[in-house]
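# A look at the structure
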Amino acid sequence: MKIRVINPNTSASMTAKIGAAAAAVAAPGTVIEAVQPSFGAPSIEGHFDEVWGAAGVSEQVLAGPDADAYVIACFGDPGLHSARELAAGPVIGIAEAAFHAAALLATGFSVVTTLSRTCVIAEHLVQQYGFERRCKGIHGTDIAVLELEDPASDAFRRILAAAEHALVHDRSGAIVLGCAGMADLCEALQQRLGVPVIDGVAAAVKLAEALVGLGLKTSKRGDYAAPLPKVFAGLAAPFSPK
Ligand code: 2AL
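Rules used in this analysis
Residues numbered from 1 in each chain as written. Predicted model: local features only at pLDDT ≥ 70, side-chain atom pairs only at ≥ 80, totals over all residues. Heavy atoms only, no water. Salt bridge = Lys/Arg side-chain N within 4 Å of Asp/Glu carboxyl O. Buried < 20%, exposed > 50% of the residue type's maximum accessible area, 1.4 Å probe, protein only. Helix = DSSP H or I, 4+ residues; strand = E, 2+ residues; numbered from the N terminus. Expected span 1.5 Å × (residues − 1). Patch = residues over 30% accessible without salt bridge, like charges linked within 9 Å, V, L, I, M, F, W, Y side chains within 5 Å. Areas by Shrake-Rupley, 256 points an atom, 1.4 Å probe, with all protein chains shown as cover. Domains from an automatic or database assignment. Buried area = accessible area lost by both parts, 1.4 Å probe. 1 Å grid on protein atoms, 1.4 Å probe; cavity = no way out; pocket = protein on both sides within 12 Å on 5 of 7 lines; lining within 4 Å. Points joined across faces, edges and corners; volume = space filled by probe spheres on them. Nonpolar A, V, L, I, M, F, W, Y, C, P; charged D, E, K, R; others polar. Pairing = 2+ DSSP bridges. Phe/Tyr/Trp six-rings, centres within 6.5 Å; stacked < 30°, edge-to-face > 60°. Axes fitted to C-alpha atoms, helices over the stretch in contact; angles between N-to-C directions.

### What to know about the pattern of salt bridges
Within this structure, the stated rule accounts for ten salt bridges. One salt bridge connects Arg157 with Asp154, and the closest N-O pair in it is separated by 2.8 Å. Classification of Arg157 as exposed rests on a relative accessible area of 52%. The structure contains a network of salt bridges with shared partners spanning Lys2, Arg4, Glu33 and Asp66.

Rendered as structure tokens:
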């Protein structure tokens, strides 16, 4: 099967890291296609960035109609619902995937994320997906997304410290990493923390494989039906649904 893993930001180094994290857990028969939009923000750390990320996700779903499933590899799950309108196969956001995985492994989990300003975005997703009773805390580290791309940064130490604090403060049993750019730190963090640490990229790939393996697709009844044909104006004209 082919899984199209979409990094909604335009940073090529992050797309490569996400592709490697996805390929590391993919089953032997799974082809991972890691892509990024042709436009948008280099990192997604706020509502405005997300608007462009969501449009970029739509572009990349439309550009890969032969994929069996799609992963949205940004913790805000930008464009998730619109991608489900556009795609036939399952579309999995890394936040929703990570919350489901964490809830199967611990009664309560904590999220450790990037800038504190993104915590409210994660909080909205926790509410939207119905995980309010399982998510015990959301912790910003004030690490910018692109700092995670700099091997000289002290991101690992700061994420480890935030996760240690979260486990005690929240009385939680698992850590969800709140950024796709943290995927490469997951294993070392789990070793140091001694609790399950969930990278949403890996979780989303395995959930996508499971759903495709079960022969399941996105429902086309109701709101996930294909967008209604209409002519979009200006900048959006190339995206007019046919
Ligand atoms: C993210 C992410 O996963 N990718 C990105 O650009 N921003 N998440 C975040 N919390 O900052």
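Here the narrative resumes.
### Some thoughts on helix 2 (residues 47–62)
Between its first and last C-alpha atoms helix 2 spans 23 Å; for 16 residues at 1.5 Å apiece the expected length is 22 Å, and the two agree. Those residues of helix 2 not exposed but buried are Glu50, Gly53, Gly56, Val57, Ser58, Glu59, Gln60 and Val61.

### A closer look at a nonpolar patch on the surface
Judged by side-chain polarity, Phe48, Val51, Trp52 and Leu235 come together as a nonpolar surface patch covering roughly 480 Å² of accessible area. Along the chain, Val51 falls in helix 2. Relative accessible area serves as the criterion here: at 52%, Val51 is assigned to the exposed category.

### Observations regarding the domain arrangement of the chain
Along its sequence, the chain is carved into domain 1 (2–94 + 202–239) and domain 2 (95–200). Once you take the C-alpha centre of each, domain 1 and domain 2 turn out to be 21 Å apart. Around 2200 Å² of area is buried between domain 1 and domain 2 when both sides are counted, 61% of it from carbon and sulfur atoms. Interface area lost by domain 1 to domain 2 is led by Lys17, Glu45 and Phe75, which between them contribute 35%. Taken together, domain 1 and domain 2 are joined by three salt bridges.

### Regarding unusual backbone geometry
In this model, Asp77 sits at a positive phi of 45 degrees, which is unusual for a non-glycine residue. On the secondary structure map, Asp77 appears in the loop between strand 3 (69–72) and helix 3 (80–86). Classification of Asp77 as buried rests on a relative accessible area of 5%. Although it is not a glycine, Arg171 adopts a positive phi angle of roughly 50 degrees. By the element assignment, Arg171 lies in the loop between helix 6 (155–170) and strand 7 (174–177).

### Quick notes on empty space enclosed by the protein
Applying the stated rule across the entire model yields one cavity of 30 Å³ or more. Within this model, the largest cavity holds a volume of roughly 170 Å³. In terms of residue class, the lining of the largest cavity is built from nine nonpolar, seven polar and two charged. Taken domain by domain, the makeup of the lining of the largest cavity includes at least three residues from each of domain 1 (2–94 + 202–239) and domain 2 (95–200).

### Quick notes on the pairing of strand 7
Residues Ala174 and Val176 point to one face of strand 7 and Ile175 and Leu177 to the other, with burial holding for every one of them. Here two bridges tie strand 7 to strand 8 (residues 197–198), and the two strands are oriented parallel to one another. What sits directly across from Ile175, in strand 8, is Val197.

### Some remarks on the packing of aromatic side chains
On inspection of all chains with the given rule, the structure shows seven aromatic pairs. When the centroid spacing of 6.3 Å and the interplanar angle of 70 degrees are considered together, the rings of Phe39 and Phe239 count as edge-to-face. Pair noted here: Phe39 is in the loop between strand 2 (31–35) and helix 2 and Phe239 is in the segment after helix 8 (200–213), with a separation of 200 residues, a long-range link. Geometrically, the ring pair formed by Phe99 and Phe131 is tilted, given 5.7 Å between the ring centres and 55 degrees between the ring planes. Residue Phe99 is found in helix 4 (residues 94–105), and its partner Phe131 is found in the loop between helix 5 (119–129) and strand 6 (135–140); the two are separated by 32 residues along the sequence.

### Details of the sheet that holds strand 4 (residues 91–93)
On the basis of which strands lie adjacent, the open sheet formed by four strands has the order 2-1-3-4 and parallel pairing. At either margin of the open sheet sits one strand with a lone partner, and together these are strand 2 and strand 4. Taken pair by pair, the neighbouring strands of this sheet meet at an average axis angle of 20 degrees, ignoring direction. Relative to strand 2, strand 1 (residues 2–6) runs parallel, the two sharing five bridges. Residue pairing across strands places Arg4 opposite Glu33, the latter belonging to strand 2.

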